[in-house]
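So the chains spell out like this:
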Amino acid sequence: MTAPLTVSVTGAAGNIGYALLFRLASGSCFGPDQPIKLRLLEIPPAMGALEGVVMELMDSAFPLVHSIDISDDANVAFAGCQRAFLVGSRPRTADMDRADLIKVNGPIFTGQGRALNDNAADDVRVIVVGNPCNTNALIAMHSAPDVPNERFTAMTRLDQNRAIGQICGKLGCQAADVSNMAIWGNHSNTMFPDYHHAQVNGRPLTEQVSEAWLQGEFLQTVATRGKAIINARGASSAASAASAAVDHMASWEMGTAAGEFTSMAVPSQGDYGVPEGLIYSFPVTISDGRYTLVPGLEHGAEAQAKIQATADELVAERDAVADLLG
Ligand code: NAD
Ligand code: LMR
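Here is a short report on the structure shown in this document. (Residues numbered from 1 in each chain as written. Chains lettered and ligands numbered in written order. Predicted model: local features only at pLDDT ≥ 70, side-chain atom pairs only at ≥ 80, totals over all residues. Heavy atoms only, no water.)

### Side note on the overall build of the protein
Then, in step 1: A tally of helices and strands in the protein yields ten helices and 14 strands.
Then, in step 2: Along the longest, intermediate and shortest principal axes, the C-alpha atoms of the protein span 50 × 45 × 40 Å.
Then, in step 3: Of all 326 residues assigned to the protein, the portion counted as buried reaches 53%.
Then, in step 4: Look at the contacts in the protein between residues 6 or more apart in sequence, and 73% of them connect residues 24 or more apart.
Then, in step 5: Of the roughly 13,400 Å² that the protein leaves accessible, carbon and sulfur atoms contribute 49%. (Helix = DSSP H or I, 4+ residues; strand = E, 2+ residues; numbered from the N terminus. Buried < 20%, exposed > 50% of the residue type's maximum accessible area, 1.4 Å probe, protein only. Contact = heavy atoms within 4.5 Å. Areas by Shrake-Rupley, 256 points an atom, 1.4 Å probe, with all protein chains shown as cover.)

Below, the structure written as structure tokens:
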């Protein structure tokens, strides 16, 4: 029998948590043969709501759920953690940019980074969803010196999925027809959805739609989709964010298909001129639980400027939280 995987989720009683937990429990992320032990973290005022979510998980009788533990103490929630979804944090409102959350959410990730450092299993892998997710992942990574840096990642898969959705809408194709639609940089309006290397049914996207649409409506829609959803729903994206978190961790687990890449925000080692140490979204291939940056992608001057601009923004975010980086 396969040993259960210990999966910790923070902000488990929140909107994303509510969508995420049932996907994890059903086997969508770690596969239909992988049992899981859920360890759920919330702040004290939300523990009552979390108890309700646990009742619903029990009432779903998921065969893969081995155990469920809840706590308002990160040291408890990360005990033996092998996969961590760091979701818990405040979402922005319509009048805010994601970076405006940095002062309120940043400090959460020092404590949680330390708790991961002290309590997680040796094979822990972390995805940060709470915004601003790249810089929050940076803070957590700095607070966990005993955990290898490459285990800290942030989520830009939602942006990749949004880009694919827009391409499907334009061409009338299916999501599975679109490959290599990578996001570069920050999960913010400065992100660069790199349509130049994307393919639809094995042919370059750029041969199938106009450059004007790609440079205009496409880039604008993908970059500002989070705000559009907040305006429409009165709350930030939740089910699609949970789905993207599942995709991110499932790709890390199962790998990417031959010849295909995906987007993950990971610690930069200086590739493509991105300053070392930033948590920056790159195209990656994944095999045996290890991701590798896609080497040698070529970019024109305009794309290079976008890759640089989103790195510059991450440098500014890093400077803004210098006091949290130890
Ligand atoms: P929510 O307010 O519905 O839920 C957040 C939960 O986190 C709440 O239950 C809250 O009690 C809990 N929480 C707050 N501080 C905590 C702490 N220190 N420890 C543990 N739990 C804590 O928000 P949501 O819609 O679930 O969004 C969560 C975060 O995800 C937000 O920051 C949002 O901006 C972000 N987000 C990121 C992406 C992305 O693509 N990276 C997409 C959507 C949302
Ligand atoms: C999103 O992209 O939907 C989230 O990051 C929420 C937000 O504030 O935009």
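### Brief notes about helix H5 (residues 133-142)
Then, in step 1: Counting buried positions along H5 yields nine of ten residues, so the element is predominantly enclosed.
Then, in step 2: Among the residues of H5, Cys133, Asn134, Thr135, Asn136, Ala137, Leu138, Ile139, Ala140 and Met141 are the ones counted as buried.
Then, in step 3: Looking at the buried positions of H5, the neighbouring elements they touch are helix H4 (102-119), strand E5 (125-128), strand E6 (152-154), strand E12 (262-267), strand E13 (279-287) and helix H10 (301-320).

### Overview of the site of ligand 1
Then, in step 1: In the vicinity of ligand 1, 27 residues are found, and the nearest of them are Asn15, Glu42, Arg90, Val129 and Asn131.
Then, in step 2: Interatomic distance of 2.9 Å between a backbone N/O atom of asparagine 15 and an oxygen atom of ligand 1.
Then, in step 3: A distance of 2.5 Å separates an oxygen atom of ligand 1 from a polar side-chain atom of glutamate 42.
Then, in step 4: Protein coverage of the free-state accessible area of ligand 1, which is 860 Å², stands at 87%.
Then, in step 5: Sorting the residues of the shell around ligand 1 by element identifies helix H1 (15-26) and H4 as the ones contributing at least two each.
Then, in step 6: Ranked by residues supplied to the shell around ligand 1, first place goes to H4 with three residues.
Then, in step 7: Looking at side-chain class alone, the shell around ligand 1 contains 13 nonpolar, twelve polar and two charged residues. (Near = heavy atom within 4 Å. Polar contact = N/O pair within 3.5 Å; in protein donor to acceptor, adjacent residues only side chain to side chain. Nonpolar A, V, L, I, M, F, W, Y, C, P; charged D, E, K, R; others polar.)

### A word on the pairing of strand E1 (residues 5-10)
Then, in step 1: Taken across its six residues, E1 has six buried, putting it largely inside the fold.
Then, in step 2: Side chains of E1 alternate between two faces, with Leu5, Val7 and Val9 and Thr6, Ser8 and Thr10 buried alike.
Then, in step 3: Summarising the sheet, E1 and strand E4 (residues 83-86) pair through three bridges and their orientation is parallel. When the bridges of E4 are listed, valine 9 appears paired with phenylalanine 85. (Pairing = 2+ DSSP bridges.)

### Focus on the packing of helix H6 (residues 157-171) against helix H9 (residues 239-254)
Two packed helices can be described by the angle between their axes and the distance between those axes.
Then, in step 1: Where H6 meets H9, the closest approach of the two axes is 8 Å, and the angle between their N-to-C directions is 110°. In terms of axis orientation, H6 runs roughly perpendicular to H9. Two secondary-structure elements touch here, H6 through Arg157, Leu158 and Asn161 and H9 through Ser240, Ala241, Ala244, Asp247, His248 and Ser251.
Then, in step 2: Each residue belonging to the contact of H6 with H9 can be placed in one class, and the counts come to three nonpolar, four polar and two charged. (Axes fitted to C-alpha atoms, helices over the stretch in contact; angles between N-to-C directions. Parallel < 35°, antiparallel > 145°, perpendicular 65-115°, else oblique.)

### Notes on the side chain of arginine 162
Then, in step 1: Within the secondary structure, arginine 162 is located in helix H6.
Then, in step 2: For arginine 162, a relative accessible area of 9% corresponds to the buried category.
Then, in step 3: Residues contacting arginine 162, with those up to four places away along its chain left out, are Arg98, His187, Val222, Arg225, Gly226, Ile229 and Ser237.

### Details of the site of ligand 2
Then, in step 1: As a structural note, the neighbourhood of ligand 2 is formed by Arg92, Arg98, Asn131, Arg162, His187, Gly226, Ile230, Ser236 and Ser237.
Then, in step 2: Within the side chain of asparagine 131, a nitrogen or oxygen atom sits 2.7 Å from an oxygen atom of ligand 2.
Then, in step 3: At 2.6 Å, a side-chain N or O of histidine 187 approaches an oxygen atom of ligand 2.
Then, in step 4: Here ligand 2 loses 94% of its free accessible area of 260 Å² to cover by the protein chains.
Then, in step 5: Shared between two domains, the shell around ligand 2 holds at least three residues of each, these being domain 1 (5-154) and domain 2 (157-320). (Domains from an automatic or database assignment.)

### Notes on the nonpolar core
Then, in step 1: Within the largest apolar cluster, 55 residues are counted, with the highest numbers of intra-cluster contacts made by Leu24 and Phe85.
Then, in step 2: If you tally residues by element for this core, the top one is H9, at seven residues.
Then, in step 3: Each of domain 1 (5-154) and domain 2 (157-320) gives at least three residues to this core.
Then, in step 4: Core analysis: the second largest hydrophobic core is formed by 30 residues, Ala120, Met141, Val147 and Phe152 among them. (Core = buried A, V, L, I, M, F, W, Y, C linked by side-chain atoms within 4.5 Å.)

This is a description of form; function is not addressed.
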